[in-house]
Amino acid sequence: MLGRLLRRSPGLWQRVARPVLYPARGVGDKVKGAQDASLQVSNPGYRAFRNDRRPTNFDKKVLVWAGRYKKEEDIPKYISSEVLDAARNSVRIKVCYIMIALTLLGCLAMVITGKEAAKKDHTLLRINTEKKAKWRDEVEKDEVAATGKPQ
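Bear in mind that the values here come from a model prediction, so they are computed numbers and not experimental data.

1. Thoughts on the overall build of the chain
The number of helices and strands found in the chain is six helices and two strands. What you see in the chain, going N to C, is helices and strands ordered as α-α-α-β-α-β-α-α. By the burial criterion, 11% of the 151 residues in the chain qualify as buried. Put simply, 43% of the contacts in the chain that link residues at least 6 apart link residues at least 24 apart. For the chain, the exposed surface amounts to about 13000 Å²; the carbon and sulfur share of it is 61%.

2. Concerning the nonpolar core
Counting residues in each nonpolar core, the largest one holds eight residues, listed as Val 62, Leu 63, Ala 66, Ile 75, Ile 79, Leu 84, Ala 87 and Val 91. Secondary-structure elements contributing two or more residues to this core are α4 (57–66) and α5 (81–119).

3. Side note on the packing of α4 against α5
Two elements in contact, α4 and α5, have axes separated by 9 Å at closest approach and are oriented at 70°. In this view, α4 runs roughly perpendicular relative to α5, as classed from their interaxial angle. For α4 against α5, the interelement crossing comes out left-handed. Between α4 and α5, the residues in contact are Asp 59, Val 62, Leu 63, Trp 65 and Ala 66 and Val 83, Leu 84, Ala 87, Arg 88, Ser 90, Val 91, Lys 94, Val 95 and Ile 98, respectively. Per-class residue counts for the contact of α4 with α5 are 10 nonpolar, one polar and three charged.

Reading the values: rules and limits
Residues numbered from 1 in each chain as written. Predicted model: local features only at pLDDT ≥ 70, side-chain atom pairs only at ≥ 80, totals over all residues. Heavy atoms only, no water. Helix = DSSP H or I, 4+ residues; strand = E, 2+ residues; numbered from the N terminus. Buried < 20%, exposed > 50% of the residue type's maximum accessible area, 1.4 Å probe, protein only. Contact = heavy atoms within 4.5 Å. Areas by Shrake-Rupley, 256 points an atom, 1.4 Å probe, with all protein chains shown as cover. Core = buried A, V, L, I, M, F, W, Y, C linked by side-chain atoms within 4.5 Å. Axes fitted to C-alpha atoms, helices over the stretch in contact; angles between N-to-C directions. Parallel < 35°, antiparallel > 145°, perpendicular 65-115°, else oblique. Left-handed = near helix turned anticlockwise from the far one by under 90°. Nonpolar A, V, L, I, M, F, W, Y, C, P; charged D, E, K, R; others polar.

The structure is reproduced here in structure tokens:
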């Protein structure tokens, strides 16, 4: 019955039912802050919800490596998610730079070893021709052995 009544008159929902069903909601941050302050006064163990979280050991290492804090002991008990996200992004960028540098070093090493192998005439073409010649010799030996056997 309440559902039918609320569907027929949307203004009634805004004035009566919504404040009853959702009393914590207010207009703007000022009302929410006032409610948090009143709850904190009445209940001293209550901590207002913030976008804070307790960092894990890995998060602490990320924050130190990103340069946000000098030591793990300097990190507060709670940090905001924005600080942690910024630290993770900077560490992600550092890791990408390291991977780029390692890739370039690997390419440079392959070029150098390839040129040295070419000077020694240790090329893939020569290796493949030697393999094929070896296989042909084995096939010829097998054919000679098969034809030379009496049946």
